[in-house]
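Descriptive analysis of the structure
What follows is the residue order along each chain.
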Amino acid sequence: MIPLLASNNPIHHILDKPISGTEHITLLGKPALTMHMASLVIAAIVSFIILKIAAKRIAIGHESQGTDRYLTKGRIPQIIEVITLYLRDTVIRPVLGHDTDKFLPYLLSVFFFILTCNILGMVPFADIQTIVGKVSTSSEIEGWAVFGGTATSNLAVTAGLAIVSFFVIQMHAFKSLGVGGWAHHLTGGAPLYLLPIMLPIEFMGMFIKPAALAIRLFANMVAGHTMLAVLTMFGMMAFSATQNWLLTGSVEAISTIAAVCISFLELFVAFLQAFIFMFLTTVFIGQMSHHGEHEEHAEAAH
Amino acid sequence: MKKLVAFTALATVGLMMFDVNAAQAAAEGAEGAASAASGLKGIGGGLAAGFGALAAGLGIGRIGGSAVESIARQPEMAGSIGTNMIITAALVEGVALFAVVVGLLGIL
């Protein structure tokens, strides 16, 4: 049981592993069913169920309820309502303006999905399954688990989200600016002699910005969990070095306190990174639309 | 006095972030100790992550410093300034984590 608290490799428990028992199912030589895939599906189902129930409670009810129909019942629907209203009115509407209602479903879905993935990753499902498996069957299988791990700590998952954002941004650009306007946007308003530099950079920037979204989310999740794994390793490292339970206990106590504090930081980072992903997608969508209006707003402000 | 307090607070936060990345860099550095080539890879990875941590500390320290200064000038805007500070800090931290990813790529 004790080795569960620490393997000698902090990255080991963050990397994607095949679902125990399905190692033989492969696709093109790699395992086809992995734990992150299972976590992804479970996060999607969980977020869908919670948001569906919350939506029903938030929506204006039937007339028979009288004025009560405007109330939101339950704590979690109230939290979701507060968050959604804040995001819509204070974050998205100033950027997108009259396009808000078109993109609100996608942006809020991205936010709540990434949030669910991140928070489910903070719960040590994989270790719980391994412990339950060892206790109940007293087998010697190392690290048996079906789901667990943070889905967003897998570059494939965040790249998938970023690719969807890329398509949303580009489709909006083509619809609102047209092909000519999109090409003009690539020049960035620079004079003609700068075009040989501007065009390649802007064209690459079109792809690099969603890639940065993906890498930012991936790196934040991996860094946080690696940090937690390293802190948890200290106790076992002390034991294997000194074989003295008193010293190990004191090192373990301090590293546990540090791990708890870093877990609080990780919860904050979970919310923040979901918000940043959504906010940057919003900003990129907003950049692709009304250019003329921005100059009007600037003049009105003065 | 206010600047000293603000600077100390931000130095602490910056050191915390430095600790996060330094611990990870140390873990990475301990990994590739097998041969000379992978030793050099380890040094490269550690240097990348270390410089990333340094840059993050500098950048976020400046952001926090100006945010606290402007809150001191105009306390009623504290909410809006604080929100913008958090957003900008997350963006700068994202760049530092790009450096950490490069370090990881150098190790593995």
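Residues numbered from 1 in each chain as written. Chains lettered and ligands numbered in written order. Predicted model: local features only at pLDDT ≥ 70, side-chain atom pairs only at ≥ 80, totals over all residues.

As for the overall build of chain A
Definition in use: Numbered from the N terminus, helices here are DSSP runs of H or I no shorter than four residues, and strands are runs of E no shorter than two. Around each residue's C-beta, the other C-beta atoms within 10 Å are counted; 20 or more make the residue buried, 12 or fewer make it exposed, and counts in between make it partly exposed. All C-beta atoms are placed from the backbone. By definition, residues are in contact whenever their C-beta atoms, placed on the basis of the backbone, come within 7 Å of each other.
Scanning chain A from terminus to terminus reveals nine helices and two strands. In sequence order, the secondary structure elements of chain A are arranged as α-β-β-α-α-α-α-α-α-α-α. Considered along the principal axes of its C-alpha atoms, chain A spans approximately 70 × 65 × 45 Å. Counting over 302 residues, chain A shows a buried share of 29%. Considering only residue pairs separated by 6 or more positions, chain A has 68% of its internal contacts joining residues 24 or more positions apart.

What to know about the overall build of chain B
Along chain B, the regular secondary structure elements total three helices and zero strands. Element order for chain B, N to C, with α for helix and β for strand: α-α-α. Out of the 108 residues in chain B, the part that is buried amounts to 34%. In chain B, once contacts between residues fewer than 6 apart in sequence are set aside, the share between residues at least 24 apart is 74%.

With respect to the nonpolar core
So the rule is basically this: In this usage, the nonpolar core is the set of buried Ala, Val, Leu, Ile, Met, Phe, Trp, Tyr and Cys residues whose C-beta atoms join them within 7 Å.
Counting residues in each nonpolar core, the largest one holds 63 residues, and the members touching the most others are Phe111, Ile114, Leu217, Ala274, Phe277 and Met278 of chain A together with Val100 of chain B. At the level of secondary structure, the elements contributing two or more residues to this core comprise helix 2 (35-58), helix 3 (75-96), helix 4 (100-122), helix 6 (155-187), helix 7 (195-242) and helix 8 (245-287) of chain A together with helix 2 (36-73) and helix 3 (78-107) of chain B. The greatest single-element share of this core, amounting to 13 residues, is contributed by helix 7 of chain A. With residues near it in sequence (within four places) discarded, Ile114 of chain A still touches Thr152, Leu217, Gln273, Ala274 and Phe277 of chain A. Of all hydrophobic cores here, the second largest spans five residues; its members include Ile19, Ala126, Ala145 and Phe147 of chain A.

Thoughts on unusual backbone geometry
With phi around 55 degrees, Gln243 of chain A is a residue other than glycine that occupies positive phi space. Mapping Gln243 of chain A onto the fold places it in the loop between helix 7 and helix 8.

Considering the interface of chain A and chain B
Note the following rule: Each residue is assigned to one of three groups, with Ala, Val, Leu, Ile, Met, Phe, Trp, Tyr, Cys and Pro labelled nonpolar, Asp, Glu, Lys and Arg labelled charged, and all others, Gly among them, labelled polar.
Contacts between chain A and chain B engage 12 residues on the former and 12 residues on the latter. Taken together, the elements giving at least two residues each to the side of chain A that touches chain B come down to helix 7 and helix 8 of chain A. In terms of residue count, helix 7 of chain A provides more of the side of chain A that touches chain B than any other element does, eight residues in total. Among the residues forming the side of chain A that touches chain B, the class breakdown is nine nonpolar, two polar and one charged.

Regarding the environment of Ala214 of chain A
Residues and elements named next belong to chain A. Structurally, the position occupied by Ala214 is in helix 7. Accessibility expressed as a C-beta count within 10 Å gives 22 for Ala214, which makes it buried. When the C-alpha positions of Ala214 and Asn154 are compared, they lie 9.8 Å apart, and in sequence the two are 60 residues distant.

Section: helix 3 of chain A
Residues and elements named next belong to chain A. Short version of the rule: A helix is expected to span 1.5 Å for every residue after the first. What the bend at a residue measures is the angle between two axes, fitted to the seven residues ending there and to the seven starting there.
With 22 residues, helix 3 extends 30 Å from end C-alpha to end C-alpha; this agrees with the ideal 32 Å at 1.5 Å per step. Along helix 3, the helix axis deviates most sharply at Arg88, where the bend reaches about 35 degrees. All buried positions along helix 3 are accounted for by Ile80, Leu87, Ile92 and Leu96. On the buried face of helix 3, the contacting elements are helix 2, helix 4 and helix 8. With its phi angle positive at about 70 degrees, Gly97 sits one or two positions after the end of helix 3.

Quick notes on the packing of helix 6 of chain A against helix 7 of chain A
Residues and elements named next belong to chain A. Here is the rule: Only the contacting stretch of a helix is used when fitting its axis, a line to C-alpha atoms as for every element, and angles between N-to-C directions run 0 to 180 degrees. Should an angle fall under 35 degrees it is taken as roughly parallel, and over 145 as roughly antiparallel, whereas 65 to 115 is taken as roughly perpendicular and any remaining angle as oblique. Note: crossing handedness is left-handed where the near helix turns anticlockwise from the far helix by less than a right angle, and right-handed where it turns clockwise.
Two elements in contact, helix 6 and helix 7, have axes whose closest approach is 8 Å; the angle formed by their N-to-C orientations is 150 degrees. The orientation of helix 6 with respect to helix 7, classified from their angle, is roughly antiparallel. Read as a crossing pair, helix 6 and helix 7 show a hand that is right-handed. Taking contact as the criterion, the partners of Leu155, Thr158, Ala159, Leu161, Ala162, Ile163, Ser165, Phe166, Leu186 and Thr187 in helix 6 are, on helix 7, Leu195, Met198, Leu199, Glu202, Phe203, Pro210, Ala211, Leu213, Ala214, Leu217 and Phe218. Looking at the contact of helix 6 with helix 7 residue by residue, the class counts come to 17 nonpolar, three polar and one charged.

Here we look at the confidence of the model for chain B
Note the threshold: How sure the predictor is of each residue is captured by pLDDT, a score from 0 to 100.
With 70% of its residues at a pLDDT of 70 or more, chain B has an overall mean of 80. At the low end of the mean pLDDT range in chain B sits helix 1 (residues 2-31) of chain B, at 58; at the high end sits helix 2 of chain B, at 92.

Here we look at helix 6 of chain A
All names here are of chain A. Under the 1.5 Å per step criterion, the end-to-end length of helix 6 is only 31 Å for 33 residues, more than 12% shorter than the ideal 48 Å. Of the surrounding elements, those touching the buried residues of helix 6 are helix 2, helix 4, helix 7 and helix 8. Just past helix 6, the residue Gly188 takes up positive phi, approximately 65 degrees.

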